[in-house]
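Structure assessment
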Amino acid sequence: MREGQGIMDTDVSTSSPIIGIDLGTTNSLVGAVVSGFPLVLADSAGEQNTPSVVYFPEDGEVVVGSAAERMKVLHPTRTVHSVKRLIGQRPGEPGWQPDYQVDSSGGGLVVRIAERMLTPVEISAEILSALKRKAEESLEVSVSRAVITVPAYFNDAQRKATIAAGEMAGLTVERIVSEPTAAALAYGMDRREGRQKIAVFDLGGGTFDVSILEMNDGVFQVLATAGDTRLGGDDFDRLLVDKLWSEFSRVNEISIPLADTEVTVRAQLLDAAKSAKHRLSIDDTAEVELPFFFDGKHLEVTLARQQFEDGLKGFLDRCAGHCRQAMMDADVEPADLSAALLVGGSTRIPVVRRLVREVFEQEPDTSQNPDQVVAKGAVVQAGILEGSLRNLVLVDVTPRSLGIETFGGLMNVILPRNSTIPAKAGEVFTNAVDGQSAMRVRILQGEREMAKDNWELGRVDVPFAAASRGQARVGVQFSIDANGVLEVLARNIQTNQDTVLQIENSAVDVADERVEKMIEESVDHAFEDMAGRVFTEAKLKSDELLPAVDAALTALGDEIDVEMRGRIDAAVVNVRSALESQDGARLKAANRELDEATEELASLLVERAMLESMERKGLI
Ligand code: ADP
Ligand code: MG
């Protein structure tokens, strides 16, 4: 044997496996490539699923998984479930009120467990630590690197929070992968030839996501995503819980509302409902029996699948609506789709599969275990990164538009929603006011027209020599890496001085205020009255719109035609009376109408500003 031959590379990057993690709202899974196969790993009891539940005992070790789930009944305020909701929420959706205590005061969102305060990142880190241990026990090697999946709509801060949680758990997060992309990998879609479009339908415990992906010879791209973070198996459980309780109280002539019963009674009922639901995925009926259930009385109810399916109708209609929306956004027809993939435990329900068949007009692919596909895809991605599996490129998209605030408080989009990442784009901006000596660049994320309706990711002031209006030039460049992490560069074009915005990349500092703030902002309405919030938000918009329209009419009023003027005036009156009515939904609609009515007026204003600037420069 020649010298050096047969010597193993002991570099940790090649000897330690990268694990793939599906960090789910309800259930989490971990896997790795073993002997060339992507596998989901089990604990010593053979359990592959780790419920995403964390129990914090008064003293002693934190408990994660099924054991923690059992503690939920006894210690509901010490047991944290669905923490992923506290990290990620679809923008514009209402907040969520868990059983445990969440405080949004003090500069960040925290879960309060008696005397302890825990951030969502810290709690997620407990789940990730448990998954890391599970993998280490199963693989019998230590593990330090991971691929973690997140919903396709997760924004920058939510992705970073996930990375931060991984690092807190002692894992280097090699890649964040979107869940639908992971699912498509697990279904082997990357091995199909040519150009294909597929739908990924993911109905889990508490969330629904639908995505349209495009593959081109193994290269993926998410064309569109839609969904609802308040729709899933939990709703179906509640439906059956209510059914069981109403049957039980009718037969036994009990008039107490379920909400007024002991927590253990409700927990028992939920358990029974869930297993009945699972049985109804196979059988036409499910018998539920709970001896000495309440007040010494037995519960005996037979649930019928048909009845359950009738109850699901409203939920399924919402799913179908999102599917159509996603197809519309991606500009595809059902006939363009070469596969419909099922993801999430709730897609085991027969009527859900029927819905998928109807809306995408084809048989769904049932070849994989729907509650494991995301984890399996994460493992495939891990295998690709460590070189133990086939090679392919993954392409993702930006889930939300990214841009900056410009004159008049408007959102100027630089990277539109659904741009393929990694991505880079830039624009040159100029000063709006005479004598201005700095430009404030506010980085925004969202789809709303007004800057303040979108999320602020950060801001930077770019100084320049005092300039008259339209003279200073600042180039702003956005670049997003493969993890969906954003870097913003602002350049003073005169001096070539660059300012790179402190939106940290993957090695995010957990205590970072901006990340905390973003997470807080994404959930800070969690405890507010929904209707009140809708109204307040709408009123903010009206307060901005009305004076702006007033000013524009004063400046340009005589240049617009009577018909347009009439429409604008009517819309203004509408907004004012909606303001008086205190009706949020009505005000929102009135604002939108006014927005639309003044669209032309706004572009006239811009034209006018451009003309003026050209005149000043002597161009015309
Ligand atoms: P998540 O992605 O939200 O973490 P999962 O994909 O693991 O969740 O889905 C969990 C949900 O799937 C739960 O509501 C569970 O009750 C439901 N589920 C699992 N198996 C079945 C089944 N056989 N029939 C109906 N629902 C099921
Ligand atoms: Mg899931």
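Everything numeric in this text was worked out from a predicted model, so none of it was measured.

With that settled, the discussion passes to the site of ligand 1. Taken together, 17 residues form the shell around ligand 1, and within it T26, N27, K277, H278 and S281 come nearest. With respect to ligand 1, the backbone of T25 contributes an N or O atom lying 3.3 Å from an oxygen atom. Note that a nitrogen atom of ligand 1 is positioned 2.7 Å from one of the side-chain N or O atoms of S281. With three residues, the single largest contributor to the shell around ligand 1 is helix α8 (residues 263-280). Broken down by class, the residue content of the shell around ligand 1 amounts to one nonpolar, 13 polar and three charged.

The final tally for this structure, using the stated rule, is 27 salt bridges. Where E247 meets R250, a salt bridge forms, and the shortest distance between an N and an O atom there is 2.9 Å. Of the two residues, E247 and R250 both sit in helix α7 (residues 233-251), three residues apart, roughly one turn of that helix. The partner of R565 in a salt bridge is D569, and the shortest N-O contact between them spans 3.3 Å.

What follows covers the packing of aromatic side chains. This model, assessed by the stated rule, comprises nine aromatic pairs. Between F236 and F315, the aromatic rings sit 5.6 Å apart at their centres with planes inclined by 55°, giving tilted as the arrangement. Within this pair, whereas F236 is found in helix α7, its partner F315 is found in helix α9 (residues 305-330), the two being separated by 79 residues in sequence. Ring centres of F293 and F294 lie 6.4 Å apart, and the angle between their planes is 45°; on these two criteria the pair is classed as tilted. The same class applies to F293 as to F294, namely buried. Through a chain of ring-to-ring contacts, three or more aromatic side chains come together here, namely W245, F248, F293 and F294.

Spatially, the four strands line up as an open sheet ordered β21-β20-β24-β25, and their pairing is antiparallel. Looking at which strands have only one partner, the edges of the open sheet turn out to be β21 (410-415) and β25 (455-467). Adjacent strand axes in the sheet meet at a mean angle of 30°, parallel and antiparallel pairs treated alike. Sheet topology note: the strand β24 (residues 436-445)/β25 ladder contains nine bridges and is antiparallel. Each bridged residue has a counterpart across the sheet, and for R440 the counterpart in β25 is D461.

Another aspect to go through is the sheet that holds strand β6 (residues 63-64). If you trace the three strands from one edge of the open sheet to the other, you get β6-β5-β7, paired in antiparallel fashion. Of all strands in the sheet, those bounded by a partner on one side alone are β6 and β7 (79-81). As paired strands, strand β5 (residues 53-55) and β7 are joined by three bridges and run antiparallel to one another. If you follow Y55 over to β7, its bridge partner there is T79.

With that out of the way, let us pick up the side chain of S542. As for its placement among the helices and strands, S542 is situated in helix α13 (residues 530-556). If sequence neighbours within four positions are ignored, S542 has contacts with P547, V575, L579, L587 and N591.

Bridging between strand β16 (residues 285-294) and strand β17 (residues 297-304) involves seven bridges; their strand directions are antiparallel. Bridged to E287 within β17 is T302. Counted along the chain from β16 to the antiparallel partner β17, the turn is two residues long, and its residue D295 has a positive phi close to 55°.

With 20 residues, helix α14 (residues 562-581) should reach 28 Å at 1.5 Å per residue; the first-to-last C-alpha distance of 29 Å fits that figure. Within α14 the residues assigned to the buried category are M564, I568, A571, V572, V575, A578 and L579. Buried residues along α14 cover an arc of 130° about the axis, so they all sit on one side. Residues V562, E563, V573 and E580 are exposed on α14 and point more than 90 degrees away from its buried face. With a side-chain oxygen lying 3.2 Å from the backbone nitrogen of E563, the N-terminal cap of α14 falls on D561. Looking at the residues trailing α14, positive phi occurs at Q582, about 65°.

Parameters at a glance
- Residues numbered from 1 in each chain as written.
- Chains lettered and ligands numbered in written order.
- Predicted model: local features only at pLDDT ≥ 70, side-chain atom pairs only at ≥ 80, totals over all residues.
- Heavy atoms only, no water.
- Near = heavy atom within 4 Å.
- Polar contact = N/O pair within 3.5 Å; in protein donor to acceptor, adjacent residues only side chain to side chain.
- Helix = DSSP H or I, 4+ residues; strand = E, 2+ residues; numbered from the N terminus.
- Nonpolar A, V, L, I, M, F, W, Y, C, P; charged D, E, K, R; others polar.
- Salt bridge = Lys/Arg side-chain N within 4 Å of Asp/Glu carboxyl O.
- Phe/Tyr/Trp six-rings, centres within 6.5 Å; stacked < 30°, edge-to-face > 60°.
- Buried < 20%, exposed > 50% of the residue type's maximum accessible area, 1.4 Å probe, protein only.
- Pairing = 2+ DSSP bridges.
- Axes fitted to C-alpha atoms, helices over the stretch in contact; angles between N-to-C directions.
- Contact = heavy atoms within 4.5 Å.
- Expected span 1.5 Å × (residues − 1).
- Arc of directions from axis to C-beta.

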